[in-house]
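Residues per chain, in single letters:
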Amino acid sequence: MHRSVLGLLCVSLWLLVSISGCSSIPERNPLPEELSERAEIPGIPGARFWADDTPPETDEWFALTREQLKQRYPATYGTEHNYLAISGGGQNGAFGAGLLNGWTEAGDRPEFTIVTGVSTGALIAPFAFLGPEYDHILKEVYTSYSTKDIVEPRGTIKTMFSDGATDSTPLQQKLAGYVDEKVMAAIAAEYKKGRILEIVTTNLDAARPVTWSIGKIAASGSPEALQLIRDIMLASASIPAAFPPVIFEVEVDGKRYDELHVDGGATSVLYLYPIGLDFEKLIERMDVKGKPKVYTIRNGRLRKNWTSIKRNTLSIAARSLDASMSSVVMGDMYRIYLATQRDGIDYHLAYIPDSFTEASTESFDIEYMTKLFSLGYEMAKDGYEWHTSPPGYDARQK
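Basis of the calculations
- Residues numbered from 1 in each chain as written.
- Predicted model: local features only at pLDDT ≥ 70, side-chain atom pairs only at ≥ 80, totals over all residues.
- Heavy atoms only, no water.
- Phe/Tyr/Trp six-rings, centres within 6.5 Å; stacked < 30°, edge-to-face > 60°.
- Helix = DSSP H or I, 4+ residues; strand = E, 2+ residues; numbered from the N terminus.
- Buried < 20%, exposed > 50% of the residue type's maximum accessible area, 1.4 Å probe, protein only.
- Lys NZ or Arg CZ within 6 Å of the ring centre and 35° of its normal.

Q: Lay out the packing of aromatic side chains in plain terms, naming residues and giving numbers.
A: Going through the model one piece at a time under the given rule, you end up with 14 aromatic pairs. Measuring from centroid to centroid gives 5.1 Å for W103 and W386, while their planes differ by 55°, and the two rings are tilted. One end of the pair, W103, is in helix α4 (residues 93-106); the other, W386, is in the loop between α15 (366-381) and α16 (394-397), and 283 residues separate them in sequence. W386 carries the same exposure label as W103, and that label is buried. Plain terms: the ring middles of F112 and Y295 are 6.4 Å apart, the flat faces sit at 70° to each other, and that makes the pair edge-to-face. Note that F112 is positioned in the loop between α4 and β3 (114-118) and Y295 in strand β10 (residues 293-301), a separation of 183 residues in sequence. According to the relative accessible area criterion, F112 is buried, its value standing at 2%. Judged by its relative accessible area of 9%, Y295 is buried. Three or more aromatic residues joined by ring pairs form one cluster here, namely W103, F112, Y295, Y384 and W386. For the cation-ring pair, K174 lies above Y145, with the distance from its terminal atom to the ring centre recorded as 5.1 Å. Just above the ring of W50 sits the side chain of R208; from NZ or CZ to the centre is 4.1 Å.

Spelled out as structure tokens, the structure:
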């Protein structure tokens, strides 16, 4: 998250708190807590589940026979497995986009069995899932657009009486251009082969992460599926207070309610699968050949650049929030690493090296992103040297 966005977020929060009770935003029809476990997206049952809990269909899945598993997962049963988890990071997503392009050039980029994305990772994930044919889109997205192409700032007065400091309509329009019927059909086709694409958002009412099954949605046949996928990607990338939240309509017993969703990074910056899921058993049931491999892309540095903070409220608040988010990222990396060691999965990690010291001048800086894309590309085109453990564990392996 860029410091200018953090500052904007802090200003927005201060304004909203200062004028609580005054609003021109239409009233919500929020989902009651007691119905939260039964709420479904109309016409697309099973579209999502809590990312911090085991999926509700887990017991049913483990009861399937091997023959049923072969039929359901024709391209992934009895094969090698490779998983890709892409983190949040705003404009730093240019690193992951460049790395994927360079990985293609290296010639050893695998087809991923599972791809997950959070925040800016949610914008990358569908195209990483579909493979090298879509690399050009990743390059275009992360080297062609600046802040004004992504959001429109709202004036102070409008911000006071709205749900975000900016209008994300430009980003919505970009998503509509890139995520079309052809892309959705390609995702659906891969889902039917047994491959999985998931994106994480944050349900603000519950303050919990939500995993959306993009493949299942794409293959649902619902006329609302395409717009739902676009909205999920938008929600996952919508920084709270800076961007407006995305409203999802849900249904329980024939009655409609709404949920507010924002940036998946608010609750989970990097996600692979729920920690409580018996993934080792899943691997055994799928008759996976060899040891599965997970590749995690952290779109950010491990350490923040040294900054002399001004002694004022907003600067202190913004820097503190930035530091807090860094701690969350580290926690997610450790959590995924420990889960993979428990479940017998080879762990690989990529992140922006400390040697990259370029500074950006805005939230989405074309020059900065182009340099970062080139860095990721150059680091991967001749074979990326993946880290096999997160920082802090390296010494134990020596």
